[in-house]
Each structure stands twice: as structure tokens, then as C-alpha cells.
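Next come the chains, spelled out residue by residue.
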Amino acid sequence: MTTATKPAKQAGQNAVSTLPALSLSKKAFKEAVVRHLHCSLGTDENKADNHAWYKAISAAIQELVLERLRTTQKNHYLNDTRAVHYLSAEFLMGRLLSNNMHNFGLFETADSALKELGVTLSDVLEEEPDMALGNGGLGRLAACFIDSLATMEFPAIGYGIHYEHGLFRQEIKNGAQIERPDSWRDYGNPWEICRPESIQEISLYGYVETKYGTNGQIQKEWHPGAIVKGVPWDIPVVGYGGKTVNVLRLWESQSSGYFNWDVFNAGGYVDAQRENVEAETISKVLYPNDETEAGKELRLIQQYFFSACSLKDIIRRYKRAHGDDWSRFTDQVVIQLNDTHPAIAIPELMRILVDRAELDWDSAWAICQKTFAYTNHTLLPEALEKWPARMLEKILPRHLEIIYEINHRFMAEVEKKWPGNNAIKAKLSIIEESNEKMVRMGNLSVIGSFAVNGVAEIHSKLVKQDLFPEFDQLYPGKLTNVTNGITPRRWLKACNPLLSELISKKIGNDWPLELDQLDKISELADNKTFQNQFMKVKQKNKQALAAEIKALTGISVDTKAIFDIQIKRLHEYKRQHLNVLHILALYRRLLENPNYDIHPRVFIFGAKAAPGYALAKTVIFAINKIADKINSDNRVNHKLKVVFMPNYRVSQAEKMIPAADVSQQISTAGKEASGTGNMKLALNGAVTIGTLDGANIEIAEEVGDENIFIFGNTVEQVNALHAKGYNPYDYYYQNKEIKAVLDWLDSDYFTPGQPGALSSLKQSMLDGGDPYLCLADFESYSEANKALDLAYKDKSRWAKMAILNTAKMGKFTSDRSIRDYVEKIWKLDTCSVK
Ligand SMILES: *Cc1c(COP(=O)(O)O)cnc(C)c1O
């Protein structure tokens, strides 16, 4: 029997009162906007600047959003639905106004209404700062997933951190990256709602007391040294069609004023306490490292802070419906861990169940193992999170004890499976017994979850074979795959209106919800009229991007040239430097032979480097310096240009992707877990040049080998190269072109007056061992580029390839990813708001 505290469901209550009319008339929209100009902003139509219009329009849209949010929440409550709780340290949302208008079907209405008011919507949209609470792919994936969850009407809530400063703004000064603080909330955020009624308090530091209960059983009590408040801010997440509006709940840290002086005065504690992190700093800033993060105390506290606040929130909601009866918890709650960043939620739930709810360990552990599922995002060893046990002991002393207990019991399981095998025990243990004892969050996550997924077929295969093979034997079926996806609403419908309109004219309006329908345009791939229409759209998008390039960099580009785009975080494994080597090779070929026949090409980059990643910053500097040289060299600049777009982010991606002819996806095979930029570009008719890595492999399967340029060593070949002892000097001495371009980097040709400024790049590919095999893949990359150039020269062939790329992207909608999660892992039912 449940001791549910909420009223029993009554017949008919499932059907929530009918929704108010979805669409506003143009007249009503205008009235709402003008009302907000007057009453919310205290200005009027004559005085308002674009920013005021942006605020007024957002406020008008937010009225609809909140209405639907209320209906959705009431509906979920009345139906007492099982829900997924998506815990992610990052949500890279971008801008919301255009997205929310599109999802409510109000974009055209707004555009035309504003025209009548003398306002240009596209200018107004530029006023919105990006919500950049993430680094790159991992954070953007979380944003696409909550879009799909709302669109498909699944009960879901996203939990994350309300960073005061998101990812830094990038400026380029004399070719080098400068980081500036991002202040996305400086002039207020029209979407977020503060929920003081749901504030949570979480504990940090202190010590653990061992007590004995009435039956003599051991009880543990954590006496915290400090308590921090978590203030929730809700961002509504509007599904396409505007029926379901879910929430993204982000926690802001505040001082609770509580500081335990008893703990402070306990002997020998004063010095340690002095280093304590202050409450307000916890949610101050997003750590700017993509893929890696050093063992910083504040980072661990951030992770615990948002995980613990979220768990308390989840349990509060569960208890509202079910009281103290835990027996239905795992029927109602599933928690997805986006990478190991929220993995501390596992021992936190154990602590709540064992220490507070006084469940026995086995019952508590059974609940845990049915609650959590974990997504692995990387195989890079430096990116697998580990925390010093001493740090955990200081910040979360009870959690460390619980982790030891989990591990102790787990080691017994391992002993049963592999008796006497200490090597396997050492490998699978949550505790790494190195010089400094470390806690492996990946192992903890696998052990504490009922499902573990990689993010593309090849990645999941490698997770099973190389990263966690023994876990796969111990827990057959636990390790699985869910290939990533992207929302076609933002990444085609909203960002590429011309192509969307063309597609809708041919196949109707349902494709944003049923992306497989795009395949219908395959039939038109050979149709000359359609080819012309498709490429005319591409041409217009290129003109728009050319204007943006001119405005941001001063560089003029020829829109008849191939727009070749590599946009992603800057990292050696993503190999922007391989792209650079090839550009230098083309430059040399053109200087040596002015008649060298290539179609004019503009290489366009966008990338932020982690502030402490020196080589990545050198690559940015190199791209800018090489761009300066090539763009002003009249011998070649009619055929070759290089552009570095500063401050790459979601809103800039939305302008670049529709204009791309070529998508560079050139990571070393085995290193890119999935990639999602590859999907966005192909969806918009860019042809990929790429390695057999991540989701590129699945993209190639969909579009066919003749519509993609694949090159380079495969995962197996990469492993074989390393096994036999890879020596980059072999390639340096055997390939004249490789030698010439690397030596060129050593000269001051690109950095006059600064000799050696780019030497570290050459070094990394020679004495540094070229860990990502740029030299091994160079020749194959160069050949693939030649094939690409040849294909582009045949206009009709290229148009067909571009069309088929768009047509075959149905698989990569995030709706399909979510369907996979629901069927394989979450087991949710939709909860439709009628
Ligand atoms: C999609 C996206 C990414 C991920 O790109 P990859 O090429 O998959 O690494 C990173 N940053 C932004 C702004 C994105 O929109």
C-alpha cells in the first residue's frame, strides 16, 4: 500500500481542461508586444530600440509559454507519470526567442506583425545573448534532447547549474585568442523564472559521527561544516507544436549563512577550513575545458552542488505523491547522468536512503541500481574523471565512506566471478591505488547504473571492447548504444528558412517531426530544376555568410568559391592542424605552379580553445597568421582564402551551417565519440570530408560512399600503427610536401618579426610524436581533397551529392535518439497535453 499524500486519481482527471487557442492573431500579437513595451519596459513604439523590442516580444511570447507550462505540469501531476531526470553540468541552449516562436508556430505572424510596426525581426533576434552554459557537443546534446523530449511529450526535467558566467567570449587580437567574461544575464533574462519556494540546502565539509541505534545497529551521521543554498531558476522548454512545455531547472548557489563553528573549532581543522570554497562562488563560472578537467576542488563542489539539489528536488516531488513509501520510487524516477559529472549523485542517493530514510544497504543499493543510467562521452584517458580520495574526504566525508562500502561489496562480486584475479580487481576497482589514492567516477557510474551507453555505434563498440570489457562480461547487456542526434527544428527549420521552405514545398510540412520524410527529396536529386533551386538556396546562404564574414573580420570572400567549414572546439584530436597542413600544401602548390587547377576555396574556421591549452591556442594563432598572409597574397588569393570567425557559439553556428559546401570532420579514428556538428552540416546540404570515426561512419552508411569523402587510417589501422611504433619522422623524410610545410611553420614567413611563434606546432607533429597521426593521414587527406575539388567542378554532380546529404539525414534527428533512450533505457510513456 502506498501512503500517497495526494488525492486519488478520479475518472476524467487525465483530460486536463482544454488548452487556450494555440496561435495568436497578428492583431493580438501586436497588442501584446505594445502592451509590454508600455507596461513592462516603460517605453513606447517611438522610443524603443531593438533591445526593448526584443524584451517586449519575449515577454509576449513568455505569456504563452507560461500558460502551457502550467497546463503541462498540472497534467504530469494528475497523471503521476514516470519521468526522466536529465542531469547535466552543461546545457548549451543558445538563443530562445526565435526557437520558441517557431515551436509555437508564431514566427511568420511575428515577422509580419513587426514589419507593420516598422521593426525588423531579424535585427531584434540579434539582441538576444546566447545562453552558453556549456562548452561544446556534450552541452548542445543536452539542449537538443530536452527539445525532443518536450516535442514528443515525454515527462522530463533537465537539471543543471545556473552559471553566472557561461563559456567565455572569444576575441582575436593580433591573431591570438583573448578570453572575455560572458555576461549573459547582464540585462536580465526574459525566460527564466526564480522559484524561491523550491530552494534546497546542501551540506559540505565537516565530519562523520558513528552512532549506535536502538537495536545496536551502526548509524552514521554527517556533521557538515557548511551549508549552501541552491536557488532554482526554471527555463521553459517549448516542444514543437507548443503543446508540452517542460522545464530546465538550473541551480544557483547562495550563502545560507550557516557555518558550523563546532566543526571549525575541532582540533587541527582551522587551516583546512580556511581553504573552503565560499557559497557564492560555486555557480559563478563554467569550467572552460572541453573533454578534460583537472582535479579542482571547486569543480567537484559544483558537481555535488547541482546533483544534490536535483536529487532533493526529485525526492521532494516523489514524496508529495507517495509519502515515505520508497517502493514505487524506481517506477516513477529514472535519472540519466550526462557523463560522469553528476556521478556523485549515486553515493548521495545511498546516503539519503541509508542514513536518512534508514533503509538497509541492500534495499538502498537495489533502488540506486534501478534509478541511474550513465552516458559515456569519451575514451580519451585524460578525460575520464578521477578525484583524489583526500579531496572527497575533506568535502564529502560521508560520501567517501559510502564509495568505499560500494567498492568493498563490488570487489566481492568480482572475486566471485574471477577468483583470485587481482589484476582484474585493480582494474575494476572504483579506487585507483596510485601514489595518491583516486576515485574513478567512470567505474562508479558503471557499477551504480542499470544501463551504460556510448553515443555512436563505433564508440559504443570501443567502450565495450577497450574501456570496460570486464564490466561487459560481468553485466551482460548493461552496455549499449544510443547514437546522438540533433533537433531539426533549430538546425534546419529555424536556421535555414530558405531550404526549409523549398523542402516543405516539395514534401509538405511534417518533416520537422518525421525527419525520415526528407528521403522523399532523394527522388529529386537528379532533377535539374530541383538541383538549381537547391543550389540557389545554398548560394543565397553563402552570400549572407559572406556579409557576416566581412562584418566580423573585414575579409572579402567570393561566394562562387567552395565554402569549406570546420567548426568545433579546438583540440588536437579534432585535428584542425591537419586542415592547416593541407591549406599550406595548397598554398605551396599554387606558388610553385600558378596554373595549379583548383576550384576557388575558402577555408572557414570557428573554434574556442581552453584558456590553458597552449597548443590549441597556437593553432588559432597559426590559422589567423596564415589567413593574413594568404588573403593578402595576390598570387593566390583569387583561388585560396582563409577565415577565422571569432567567438564560435550556437548562434554563429546557425549562420555558418546553412552556407557550408564542405563539412570537415577529420578527427583521428577512434577519438571522436560521435560528433553532432557533422550531422548539422550534412542536414543542411554540406558534403563531408571525414575519417571513419564517430557518427561519420553512420552518416556514410546513410548517404552512401559516393556522397561523402572518406579518408585516413581506420581504428584498426591506427592501433596497428601505434603497436608497431609510429614515427612521424618517417613521413617527414619520405614526403617532400610534408617536410616543406612543416619547415615553413618554423620560419618567420607567417609571423614576421616573431620567428618561432609557430614552431611548437611543428614540434608537436615531430618530436612530440604526432599523437593524433596528422602525418600518417596527410597523403590520404590530400587525395580526398583532390577528389572533392573534382566533384565540385561538376555542378550537377555536386548538387546531387548535396541534396542526398540532406535527404538521408532522417536517422540523426534527436527525436530518434530519444526514442532509443525511451525504448532501451527509460521506459517512459508519453503524457500528451491535449
Ligand atoms: C554542435 C556544436 C558543437 C559540437 O560540434 P562537434 O563538431 O560535434 O564537435 C560545438 N559547439 C557548438 C556551438 C555547437 O553548436
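This text goes with the structure placed above it.
Within each chain, residues carry numbers counting from 1 in the order of the written sequence. In keeping with the predicted nature of the model, local features appear solely for residues at pLDDT of at least 70, side-chain atom pairs appear and are counted solely at 80 or more, and the whole-chain, interface and lining totals rest on all residues. For side-chain calculations, the full set of non-hydrogen atoms in the structure is used, while hydrogens and water are omitted.

Q: When you look at the site of the ligand in this model, what are you seeing that I'm missing?
A: When we say a residue is near a molecule or strand, we mean one of its heavy atoms is within 4 Å of it. Neighbouring the ligand are 13 residues, the closest being Lys568, Lys574, Thr676, Gly677 and Lys680. Two N or O atoms count as a polar contact when they lie within 3.5 Å, although within protein this holds only if one can serve as hydrogen donor and the other as acceptor, and sequence-adjacent residues are included solely when both atoms are side-chain atoms. Threonine 676 places a main-chain nitrogen or oxygen 2.8 Å from an oxygen atom of the ligand. Residue lysine 680 places a side-chain N or O atom 2.6 Å away from an oxygen atom belonging to the ligand. Note on areas: Shrake-Rupley with a 1.4 Å probe; residue coverage comes only from the protein chains shown. Here the ligand has 390 Å² of accessible area as a free molecule, and 96% of this is covered by the chains.

Q: Any chance you could explain helix H1 (residues 26–39) here in plain terms?
A: Owing to its 3.6 residues per turn, the α-helix aligns residues three or four sequence positions apart on the same side. Over its 14 residues, H1 extends 20 Å from the first C-alpha to the last, a length consistent with the 20 Å expected when each residue adds 1.5 Å. Only protein chains enter the accessibility calculation, which uses a 1.4 Å probe; a residue whose area is less than 20% of its type maximum is buried, one above 50% is exposed, and one in between is partly exposed. Counting from the N terminus, the helices are the DSSP runs of H or I reaching at least four residues and the strands are the DSSP runs of E reaching at least two. When H1 is considered as a whole, its buried residues turn out to be Phe29, Ala32, Val33, Val34, His36 and Leu37. Multiplying 1.5 Å by the helix residue count minus one yields the expected span of that helix.

Q: Please explain the packing of aromatic side chains as it appears in this structure.
A: Remark: the centre distance and the inter-plane angle together describe each pair of aromatic rings, the angle taken between the planes. Stacked, tilted and edge-to-face are the three classes assigned to paired rings of Phe, Tyr and Trp, where Trp is represented by its six-membered ring and a pair needs centres within 6.5 Å; plane angles under 30 degrees give stacked, over 60 edge-to-face, the rest tilted. Taken as a whole and judged by the stated rule, the model has 24 aromatic pairs. Centroid distance tyrosine 821 to tryptophan 826: 4.8 Å. Interplanar angle 15°. Geometry classified as stacked. No difference in accessibility class separates tyrosine 821 from tryptophan 826, as the two residues are buried. Through a chain of ring-to-ring contacts, three or more aromatic side chains come together here, namely Tyr86, Phe145, Tyr821 and Trp826. Put simply, a charge is over a ring when the Lys NZ or the Arg CZ is close to the ring centre, within 6 Å, and near the line of the ring normal, within 35 degrees. One cation-aromatic arrangement involves lysine 608 over phenylalanine 168; the distance from NZ or CZ to the ring centre is 5.5 Å.

Q: Any chance you could explain the environment of isoleucine 202 here in plain terms?
A: Position of isoleucine 202 relative to the elements: it lies in strand S8 (residues 200–204). C-alpha separation for the pair isoleucine 202 and lysine 724, spaced 522 residues apart in sequence, amounts to 52 Å.

Q: When you look at a negative patch on the surface in this model, what are you seeing that I'm missing?
A: Patch construction takes residues with relative accessible area above 30% that form no salt bridge. Like charges are linked within 9 Å, and nonpolar side chains (Val, Leu, Ile, Met, Phe, Trp, Tyr) are linked within 5 Å. Each reported salt bridge corresponds to a side-chain nitrogen of Lys or Arg within 4 Å of a carboxyl oxygen of Asp or Glu. Counting rule for charge: Lys and Arg are taken as positive, Asp and Glu as negative, and neither His nor the chain ends is counted. A single reference atom marks each charge: NZ on Lys, CZ on Arg, CG on Asp, CD on Glu. Where like charges cluster on the molecular surface, the negative patch consists of Glu457, Asp510, Glu514, Asp516, Glu701 and Glu702. Using a relative accessible area of 46% as the deciding quantity, one classes glutamate 514 as partly exposed.

Q: Help me understand the sheet that holds strand S16 (residues 431–432), please; the structure alone is not making it clear to me.
A: Adjacent strands of a sheet form backbone hydrogen bonds with each other and so pair up, either parallel or antiparallel. Note on pairing: two strands pair once DSSP finds at least 2 bridges between them. Strands sit in the order S15-S17-S16 across an open sheet of three strands; the sheet is antiparallel. Both edges of this open sheet fall to strand S15 (386–388) and S16, since each of them pairs with a single strand only. Two strands pair when backbone bridges link them, and S16 and strand S17 (residues 438–440) are joined in this way by two bridges, in the antiparallel orientation. Pairing of glutamate 432 across the sheet is with methionine 438, part of S17.

Q: I would appreciate a short explanation of unusual backbone geometry in the present structure.
A: What you tend to see is this: most non-glycine residues have negative phi, and most peptide bonds are trans. The phi angle at aspartate 80 is positive, at roughly 50°, despite the residue not being glycine. The exposure class of aspartate 80 is partly exposed, given its relative accessible area of 22%. You will see that tyrosine 205, though not glycine, has its phi angle at about 60°, which is positive. Note that tyrosine 205 resides in the loop between S8 and strand S9 (207–212).

Q: What exactly am I supposed to notice about the environment of histidine 76 here?
A: Residue position: histidine 76 is located in helix H2 (residues 50–79). By relative accessible area, histidine 76 is classed as buried at 15%. Distance in space between the C-alpha atoms of histidine 76 and alanine 585 is 59 Å, their sequence separation being 509 residues. Residue contacts are defined here by distance: any two heavy atoms, one from each residue, within 4.5 Å place the two residues in contact. Residues contacting histidine 76, with those up to four places away along its chain left out, are Thr81, Pro155, Asn246 and Cys831.

Q: Is there a simple way to think about helix H23 (residues 614–631) in this case?
A: For H23, which comprises 18 residues, the first-to-last C-alpha distance of 26 Å matches the rise-based estimate of 26 Å (1.5 Å per residue) to within 8%. The element H23 is largely enclosed, with a buried count of 14 among its 18 residues.

Q: Would you take a moment to explain the nonpolar core for this structure?
A: General note: in soluble globular proteins, nonpolar side chains tend to be found buried as a group. In this text, buried Ala, Val, Leu, Ile, Met, Phe, Trp, Tyr and Cys residues form a nonpolar core when linked through side-chain atoms within 4.5 Å. The biggest cluster of nonpolar side chains holds 203 residues, and the ones touching the most others in it are Ile57, Ile61, Leu204, Ile604 and Trp826. Of all the elements, helix H9 (residues 297–322) adds the most residues to this core, at 12 residues. Domain boundaries shown here were taken from an automatic or database domain assignment. Of the residues that make up this core, three or more belong to each of domain 1 (26–484 + 818–826) and domain 2 (488–812). Setting aside anything within four residues of it in sequence, one finds isoleucine 604 in contact with Leu545, Ile549, Phe563, Asp564, Ile565, Gln566, Val643, Met645 and Met656.

Q: How do you make sense of the pairing of S8 when you look at a structure like this?
A: Side-chain direction in a regular strand flips from residue to residue, so the side chains alternate between the two faces of the sheet. For S8, a buried count of four out of five residues is recorded, marking the element as mostly surrounded by other parts of the structure. Bridging between S8 and strand S11 (residues 226–238) involves five bridges; their strand directions are antiparallel. When the sheet's bridge partners are listed, glutamine 200 is paired in S11 with glycine 230.

Q: It is not clear to me how the state of the cysteines should be interpreted in this structure. Could you clarify?
A: By definition, a disulfide links the sulfur atoms of two cysteine residues through a covalent bond. Cysteine sulfur atoms are paired as a disulfide whenever they come within 2.5 Å of each other. Across all of its chains, the model carries zero disulfides by this definition. Cysteine cysteine 309 remains unbridged, with the sulfur of cysteine 194 as its closest cysteine sulfur at 13 Å.

Q: Please clarify how the packing of H1 against H2 should be interpreted in this entry.
A: Axis lines are fitted through C-alpha atoms, for helices just across the contact stretch, and the angle between N-to-C directions can take any value from 0 to 180 degrees. It is the contact of H1 with H2, at a shortest axis distance of 8 Å, that shows an interaxial angle of 120°. Between H1 and H2, the interaxial angle falls into the category oblique. Between H1 and H2 lies a crossing whose hand is right-handed. Listed contacts from H2 to Phe29, Ala32, Val33, Arg35, His36 and Leu37 of H1 are Ala52, Trp53, Ala56, Ile57, Ala59, Ala60, Ile61 and Glu63. Classification convention: Asp, Glu, Lys, Arg as charged; Ala, Val, Leu, Ile, Met, Phe, Trp, Tyr, Cys, Pro as nonpolar; all other residues, Gly among them, as polar. When its residues are assigned to classes, the contact of H1 with H2 shows 11 nonpolar, one polar and two charged. The cut-offs work like this: below 35 degrees is roughly parallel, past 145 is roughly antiparallel, 65 to 115 is roughly perpendicular, and the gaps in between are oblique. For any pair of crossing helices, the crossing counts as left-handed if the nearer helix is rotated counterclockwise from the farther one by less than a right angle, and right-handed if it is rotated clockwise.

Q: I tried to follow the layout of surface pockets on my own but got confused; where do I start?
A: Over the atoms, a rolling probe the size of a water molecule traces out where space has been left empty. When its volume is computed, the largest pocket comes out at roughly 1,100 Å³. Elements supplying a minimum of two residues to the lining of the largest pocket: helix H3 (97–103), helix H4 (107–116), helix H5 (121–125), helix H19 (488–494), helix H20 (497–507), helix H21 (528–553) and helix H24 (650–656). Here the residues of the lining of the largest pocket sort into 13 nonpolar, 11 polar and 13 charged. Only protein atoms enter the 1 Å grid used here. Points where a 1.4 Å probe fits but cannot escape make up a cavity, open sets with protein on both sides within 12 Å along at least five of seven lines make up a pocket, and a residue lines them when an atom lies within 4 Å of a point. Grid points are joined across faces, edges and corners, and a volume is the space filled by probe spheres set on the points.

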